[in-house]
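Topology and contacts: notes
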Protein chains: 2
Amino acid sequence: MSQLFVRTLREDPADAEVASHKLLVRGGYIRRNAPGIYTWLPLGLKVYRKVEAIVREEMDKAGAQEMLLPALLPREPYEVTNRWEEYGPTLFTLKDRKDADYLLGPTHEEMFTLAVKDMFSSYKDLPVTLYQIQTKYRDEARPRAGLLRSRAFVMKDAYSFDIDDAGLETSYAVMRQAYQNIFDRLGLPYVICSAMSGAMGGSRSEEFLYPTEIGEDTFVRAPSGYAANVEAVVTPQAPEQDFSSIPESEIVETPDAPTIDTLVDVFNELRPRENDSWQANDTLKNVVLVAVHPDSTREVFVVGVPGGRDVDVKRVEAALGSVEVEMATEEDLAQYPELVPGYIGPMVIGPQSSRRSATEDGEERLPLRYFLDPRVARGSAWITGANKKNYHVYNLVYGRDFEADGFIEAATVCEGDMAEDGSGPLSLERGIEIGHIFQLGRKYANALDLKVLDQNGKTQVVTMGSYGIGVSRVMAALAQQYHDERGLMWPRIVAPADVHVVVAGKGDELYGAADTLCASLEGAGYDVLYDDRLKVSPGVKFADYELLGVPYAVVIGRGLKDGKVEIRVRATGEQHEVKVENAFDELVSFMKEA
Amino acid sequence: MSQLFVRTLREDPADAEVASHKLLVRGGYIRRNAPGIYTWLPLGLKVYRKVEAIVREEMDKAGAQEMLLPALLPREPYEVTNRWEEYGPTLFTLKDRKDADYLLGPTHEEMFTLAVKDMFSSYKDLPVTLYQIQTKYRDEARPRAGLLRSRAFVMKDAYSFDIDDAGLETSYAVMRQAYQNIFDRLGLPYVICSAMSGAMGGSRSEEFLYPTEIGEDTFVRAPSGYAANVEAVVTPQAPEQDFSSIPESEIVETPDAPTIDTLVDVFNELRPRENDSWQANDTLKNVVLVAVHPDSTREVFVVGVPGGRDVDVKRVEAALGSVEVEMATEEDLAQYPELVPGYIGPMVIGPQSSRRSATEDGEERLPLRYFLDPRVARGSAWITGANKKNYHVYNLVYGRDFEADGFIEAATVCEGDMAEDGSGPLSLERGIEIGHIFQLGRKYANALDLKVLDQNGKTQVVTMGSYGIGVSRVMAALAQQYHDERGLMWPRIVAPADVHVVVAGKGDELYGAADTLCASLEGAGYDVLYDDRLKVSPGVKFADYELLGVPYAVVIGRGLKDGKVEIRVRATGEQHEVKVENAFDELVSFMKEA
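Residues numbered from 1 in each chain as written. Chains lettered and ligands numbered in written order. Predicted model: local features only at pLDDT ≥ 70, side-chain atom pairs only at ≥ 80, totals over all residues.

What connects the two chain copies is a rotation about an axis and a shift along it. Once chain B has been moved 0.0 Å along the axis and rotated by 180 degrees, it coincides with chain A to within an RMSD of 0.1 Å. Classification of the inter-copy transformation places it as that of a two-fold axis. Among all C-alpha atoms of chain B, that of B:Leu94 lies closest to the rotation axis, at 2.6 Å. (Least-squares fit on C-alpha atoms with pLDDT ≥ 70 in both.)

In structure tokens form, the structure reads like this:
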């Protein structure tokens, strides 16, 4: 410690909100260089390398072959697959001195596909799974939480190549198991969630989420154990209803109903229902969103959801694929004066708006499409906006009075919703994505023309999988999972050292005893962090021990005059006084028991 | 080999000129992704990692602490030290989504300086030496020779921080020894050359060069053993001469003297000298060069060297510091019509030209400075151009008839020149820079304000060293050093495997014997490359063995029916028939002897 390049901090860094971020900075594990860009300081690099080694070992055991591609990549392959554009501002791009376009790799499907195309030509060469452990670059709009969402991060990315779908299933299963082995060995809790494949394309996809309240991702769990990313939750289509007995729609003046709740109150007063009072879910809430296309075109559209739910923009985005979705701004709305905020109804949007558009004065604008949540049954009647301030309409029947452009998963998923598998109500939890496995299928192989000869001498397009683990993020997740208010509590398998030896007091005897113990431990192959700082008080040394989070400590202090030293276990707080001559053996037996 | 992601090539890649480049590509060690940007394929990554591990071990042994900085760096620190501009087009730069400037790190002096500034504050924290092993980025104008000059390359860069010059000397000596240990262990020949520090600034600097004919750098060796980069060769200033007996200068018509040789002939005919004929070194050759400043300003200047030597642009560049130097183009010359190509003389340049400039018609141009090689003695007389086609002047005396703006190391260093240390004639050799150690001094610490408190409680600017090894280049240098016309011949310490087991023939017995041998070897901790390909001929397998360059092979072929297998040593070509049951022991004893 007297020579180590580390300085611990007592104060939390100003930009840190989550514990792992605070503690990794305060413990001198990482240091910020720019937003979302960090240095691994010596202690951090040690922990990171241990995480990386476990990932590598399990990938190798699973038969994957390691290689290392450049991070600085030419534009062309990403142009062919359209990802140069699809990634949008998330892609770091640059030009070289000859004005050629390059990018910093956010993921490497294209480059691995080309490598296999270049080197392999026959079904006999397959299957093959290749991987690399590398710094990836994504220009996140809001980097946060230290290593949990950074702009330069280490990823283990693997790619499988198979001649047919059955082969892909097998390769996928092998990787899935390898991921379980990795997180099991690291001691990091995880949930395997069904996931949309989003911008990646392909058929099957699962996320490994570390469940934690600070997570940015929400996932659901069913009583059956099934888990899914909220974006992947499928809402059953509400069955068609008979509307023959529903009266004609009627417009009602509703002066004091700016919200769903007030609207329901107003209707219960003005138009009370016989059997049941009106509920929020009898209203149809129409929300104006914008799909931002990769070329920055903004397409305004409207989604209708039952009034008891909100719109989940991320679910809409996942459903739409390669666009970013956000709430419409005032400028967006200004293009559509027929949309009266708070009173938007279906009569001026979707198929209805197309009819109106024909009569417009010719100013060019994109058609205003209208999508409904699958909970909106054909034939169902709704209270909704009448497109005029202070007016609503009721008994407006979908399929009789208005049409839509289709259904979209738009509404929030709520605690207690019925699981898709019918096993009971869903619970909602938060997590951090630590791994992701995809069956890409033939998307990249088709785009980049990766074909091999099959058993019959015919060319076949290869089918692919892609498998990622955020290695640096996993390290942060471990810090998040294993900490208390005083500091980190590393699992030994990734700890920067096995034992922290603290000299708590003055005098050559104390340092002499510590030197001897450190030599024995190092001789036996244990990693030791030796706090040999002469002019630092025991209190500061204890605080640093607790902050740094090495799993075991030996404190050599006043007790030494009676032949005693103290063994401490960081995770449990246990303290054991042992004879100095037994310290080594006692410590080793503690470590073996754990 | 039946599953390994490798394909060997029989043809040299079209863009490869040097053996290491050809063989690393043909052997499936590396694959090109863009000019000067390569993938490490599985075999290449294995060799690279072994080189890296040795570098790391020796750095750790020397007490340096490993960390890892980002490759994507903010502009500001490089702005402060002026390197954002000085690096010019060699720097890869980009903007993030918020339009902030970033660069891909070509070297990290600034960032390490800031890390130490952030974390350390007292002389008690020093000395400290920090290092990282990382991909660096330099947009070379002419990437070539595969990994020898690439645009993304792995560098081990270390930085030492000391309170005083004596400390820096010690830190520098420790790193210098570590470098010798590294190259000694790797078996890579090297010469330690005194070097100019070029754009890095600072006081003392040495290059580790791997001597090879394909090298781009030229260095000199003196009989004493002293070696230096040609850029670092110091030419003694020629002593002042008495010119009192030299007649007035005279312009001579020289119709057929466009070159130095013809000029000498013409003077020997028209103005023969009494004691000795005129020689090339009696003429003063004036060469027009351009200093390209970091802001792209082109400054034309002239250097005068004895006619028996050429101008060495690299030496001029090293002498000038942070500019690029090149020969003047026609456009450059067009600005100075007084320069008559082939007949340029001092009377219109340097201090003489400034006098003339006053009478010019006011068009703005930079003053045309004039520098002399130190071999040009004050008081010496020369034959040189008269600034008029077909006319030369002689008896033109430096210090009497013309002046210059200073001296500069401009002339080529020649085989046989006297060594600076007087030990005898220099020999000239070529090499590749594999390591470089610098005493940076206080340049970066001053620029970035890195100060600590000294023993007396006063702030002191820290003094620094910087120490680089091109790790990927070292791997290529090893391939270059250890190859023959058939392929690579890796030293065992970095070989992708210890033993290459080749089944040369058909039948289960052969593969059974090979399986057993591979299992024994792997069980004993040896790395084995097993050529188990069923449908590949022995000829192809032997060619691949020789190309891939694993140091030892066991060939299991027809001899097995007589209980014999063959051990081959790649480097020597030795072949030994041994009993199959002794193969393991014999092989191990071969490997131990080596």
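Quick look at the interface of chain B and chain A now. Listed by partner, the interface residues are 40 residues for chain B and 41 residues for chain A. Among the secondary structure elements, those contributing two or more residues to the side of chain B that touches chain A are strand 1 (30–34), strand 2 (37–40), helix 2 (42–61), strand 3 (65–66), strand 4 (72–74), strand 5 (93–95), helix 5 (109–119) and strand 7 (128–137) of chain B. (Contact = placed C-beta atoms within 7 Å. Helix = DSSP H or I, 4+ residues; strand = E, 2+ residues; numbered from the N terminus.)

Turning our eyes to something else, we now look at unusual backbone geometry. Residue and element names in this part refer to chain A. Residue Pro127 follows Leu126 across a cis peptide bond; omega there is 0 degrees. Its location among the elements puts Pro127 in the loop between helix 5 (109–119) and strand 7 (128–137). Its identity as a non-glycine residue notwithstanding, Asn82 has a phi of 75 degrees, on the positive side. For Asn82, the location among the structural elements is in the loop between helix 3 (76–80) and helix 4 (83–86). For Asn82, a count of 13 C-beta atoms within 10 Å translates into the label partly exposed. (Buried ≥ 20, exposed ≤ 12 C-beta atoms within 10 Å, placed from the backbone.)

We now examine the environment of B:Ile182. Relative to the helices and strands, B:Ile182 resides in helix 6 (residues 165–186). Expressed as a C-alpha distance, the spacing of B:Ile182 and B:Glu57, which sit 125 residues apart in the sequence, is 8.8 Å.

Right, let's get into the environment of A:Leu23. Residues and elements named next belong to chain A. Structurally, Leu23 is set in helix 1 (residues 19–26). In this structure, the C-alpha to C-alpha distance between Leu23 and Asp484, residues 461 residues apart in sequence, is 9.8 Å. Each residue touching Leu23, except ones within four places of it in the same chain, is listed here: Ala479, His483, Gly487, Leu488 and Leu547.

Residue and element names in this part refer to chain A. Between helix 2 (residues 42–61) and helix 12 (residues 471–481), the shortest axis-to-axis distance is 9 Å and the interhelical angle comes to 115 degrees. Judged by the twist between their axes, the crossing of helix 2 over helix 12 is right-handed. Only Val471, Ser472, Val474 and Met475 of helix 12 make contact with helix 2, whose side of the interface consists of Val47, Tyr48, Val51, Glu52 and Val55. Per-class residue counts for the contact of helix 2 with helix 12 are 7 nonpolar, 1 polar and 1 charged. (Axes fitted to C-alpha atoms, helices over the stretch in contact; angles between N-to-C directions. Left-handed = near helix turned anticlockwise from the far one by under 90°. Nonpolar A, V, L, I, M, F, W, Y, C, P; charged D, E, K, R; others polar.)

Moving on to the sheet that holds strand 19 (residues 391–397) of chain A. Residues and elements named next belong to chain A. Ordered in space as 13-19-18, the 3 strands form an open sheet in which the pairing is antiparallel. Looking along the sheet, the strands with just one partner apiece sit at the ends: strand 13 (250–253) and strand 18 (381–388). This sheet shows a mean twist of 30 degrees between the axes of neighbouring strands, independent of strand direction. In the sheet, strand 13 pairs with strand 19 via 4 bridges, with the strands oriented antiparallel. Bridging across to strand 19, Glu250 finds its partner in Tyr394. (Pairing = 2+ DSSP bridges.)

All names here are of chain A. Structurally, Pro306 can be placed in strand 15 (residues 298–306). Assessed through the 21 C-beta atoms surrounding it within 10 Å, Pro306 is described here as buried. Counting along the chain gives 24 residues from Pro306 to Asp282, while the straight-line C-alpha distance between them is 6.8 Å. Setting aside chain neighbours within four positions, we find Pro306 in contact with Asn281, Leu284, Asp373, Arg375, Val376 and Ala411.

Our focus in this paragraph is the pairing of strand 27 (residues 499–503) of chain B. Residues and elements named next belong to chain B. Within strand 27, 5 of the 5 residues are buried, which leaves the element mostly enclosed by the surrounding structure. Neither face of strand 27 is open: one carries Val499, Val501 and Val503, the other His500 and Val502, and all of them are buried. Note: strand 27 against strand 28 (residues 528–531), 4 bridges, orientation parallel. Bridge assignment links Val501 to a residue of strand 28, and that residue is Tyr530. Bridge count for strand 27 against strand 29 (residues 552–556) is 5 bridges, and the pairing is parallel. Bridging from a neighbouring strand, Val499 pairs with Tyr552 of strand 29.

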